[in-house]
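Architecture at a glance
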Amino acid sequence: MNLGVLISGRGSNMEALADACADPSFPAEITVVLSNVADAPGLSLARERGLSTEVVDHARHGSRDAFEEEVVARLRAHDVEAVCLAGFMRLLGPGLLAAFPGRVLNIHPSLLPCFPGLHAHEQALEYGVRFSGCTVHFVTEEMDAGPIVLQAAVPVEQGDTAETLSARILEQEHRIYPESVRLLAEGRLDVRGRRVEIRDGRGDRPGASSEQPTP
Ligand code: GRF
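Read on for a plain summary of the structure. Quantities reported herein were computed from a predicted structural model and do not represent experimental measurements.

What about the site of the ligand?
The ligand sits among Arg10, Gly11, Ser12, Asn13, Gly87, Ile107, His108, Pro109 and Glu173. In the model, an oxygen atom of the ligand is placed 2.8 Å from a nitrogen or oxygen of the asparagine 13 main chain. If the ligand stood free it would expose 360 Å²; the protein chains cover 86% of that surface. Counting residues per element, the ones that place at least two in the shell around the ligand are helix 1 (12-21) and strand 5 (104-108). Residue composition of the shell around the ligand, by class: 2 nonpolar, 5 polar and 2 charged.

Below you can see the structure in the form of structure tokens.
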């Protein structure tokens, strides 16, 4: 399955996906890394890996629809079949979702539906939860609200800051995003309303939609 990875910044999840795709047995490959930010550090990392990159600057497009149309055109030019949002800081609308129906994933650094939107780590610390984590979900028009593919829980420790919590969660992001892409590429995800059923190969937990971090 050909992947387009959309980033706006650091690109560590893009790198985790690229590492997974480097394994010949992994059922997907990245055909383009696209950013709305020309100097996103992740773009340089992608180029260093020899990946194709594209920049579509939202500020140069008059409307969200026009921006999105251009994003879709560039993705199609790279034969993209599924899209992974990885720290992509623009809301996407019906254009991209219609172009890749059921094939747009996002990763969010909280256990959704808790703490959607910006500053998820600060929200978790402020609320005082004992566990937070990360969620890979299908993208719908509502922000951070689509059907959940995989989640990983991470303890919040005494004295955590947004930085320390984020680092602990990021390790799990880098594990469950490639795993989710594998499931999608293998055609093992059945979306039934809000619930995602995982077919075969999940041991004795058919239909599991979440998992704990490996110790
Ligand atoms: C990650 O925490 C991801 O969950 C969120 O944005 C951050 C992107 O980090 N959506 P990176 O650019 O992948 O390093």
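Additional details are given in the paragraphs that follow.
Structural notes on the pattern of salt bridges
Opposite charge on two side chains allows them to pair when their charged atoms are near. For the structure shown, the criterion picks out 13 salt bridges. Of the charged contacts in the structure, one is a salt bridge between arginine 49 and glutamate 15, with a shortest N-O distance of 3.2 Å. A residue pair is termed long-range when its members are at least 10 positions apart, and arginine 49 in the loop between helix 2 (41-48) and strand 3 (53-55) and glutamate 15 in helix 1 qualify at 34 residues. Of the residues examined, glutamate 15 reaches a relative accessible area of 23% and is grouped as partly exposed. Put simply, Glu179, Arg182, Glu186 and Arg188 are held in one network by salt bridges that share partners.

Examining the side chain of threonine 135
Residue placement: threonine 135 occurs in strand 6 (residues 131-138). Ignoring any residue separated from it by four or fewer positions in sequence, one finds threonine 135 in contact with Asn106, Ile107, His108, Ser110, Leu111, Leu112, Ile148, Leu150, Gln151 and Ile176.

Section: the packing of helix 5 (residues 120-127) against helix 6 (residues 162-185)
Close contact between helix 5 and helix 6 brings their axes to 9 Å; oriented N to C, the two are set at 115°. Taken as axis vectors, helix 5 and helix 6 run roughly perpendicular relative to one another. For the pair helix 5 and helix 6, the crossing hand works out as right-handed. Within the contact between the two elements, helix 5 uses His121, Glu122, Ala124 and Leu125 and helix 6 uses Ala162, Leu165, Ser166 and Ile169. Classifying every residue of the contact of helix 5 with helix 6 by side-chain character gives 5 nonpolar, 2 polar and 1 charged.

Thoughts on unusual backbone geometry
The residue after leucine 112, namely proline 113, is reached through a cis peptide bond having omega 15°. Along the chain, the position of proline 113 falls in the loop between strand 5 and helix 5. We note that phenylalanine 115 has phi near 55°; this positive angle belongs to a residue other than glycine. Its location among the elements puts phenylalanine 115 in the loop between strand 5 and helix 5.

Rules behind the numbers
- Along each chain, residues carry numbers from 1 onward, in the same order as the chain's sequence is written.
- For a predicted model such as this one, the threshold for reporting local features is a pLDDT of at least 70, and the threshold for listing and counting side-chain atom pairs is 80 or more; totals across whole chains, interfaces and linings nevertheless cover every residue.
- Water and hydrogen atoms play no part in the side-chain values, which are based on all heavy atoms of the structure.
- Whether a residue is near a molecule or strand depends on its heavy atoms: it is near if one of them lies within 4 Å of it.
- Between N or O atoms, a polar contact is any pair within 3.5 Å; within protein, one atom must be a potential hydrogen donor and the other a potential acceptor, and residues adjacent in sequence are included only when both atoms are from side chains.
- Values of accessible area rely on a 1.4 Å probe in the Shrake-Rupley scheme; residue burial ignores everything except the protein chains shown.
- Numbering of helices and strands runs from the N terminus, with a helix taken as a DSSP run of H or I at least four residues long and a strand as a DSSP run of E at least two residues long.
- Following the grouping adopted for this structure description, the nonpolar residues are Ala, Val, Leu, Ile, Met, Phe, Trp, Tyr, Cys and Pro, the charged ones are Asp, Glu, Lys and Arg, and the polar ones are all others, Gly among them.
- Each salt bridge in this description consists of a side-chain nitrogen of Lys or Arg and a carboxyl oxygen of Asp or Glu lying within 4 Å of one another.
- Each residue's exposure class comes from its accessible area (1.4 Å probe, protein chains only) as a fraction of the maximum for that residue type: buried when under 20%, exposed when over 50%, partly exposed otherwise.
- A contact between two residues is defined here by any heavy atoms of the two lying within 4.5 Å.
- Helix axes are fitted to C-alpha atoms over the stretch in contact, other axes to C-alpha atoms as well, and angles between N-to-C directions run from 0 to 180 degrees.
- Should an angle fall under 35 degrees it is called roughly parallel, over 145 degrees roughly antiparallel, and 65 to 115 degrees roughly perpendicular, with every other angle called oblique.
- Helix crossings fall into two classes, left-handed where the near helix is turned counterclockwise from the far one by less than a right angle and right-handed where it is turned clockwise.

Geometry only, nothing functional implied.
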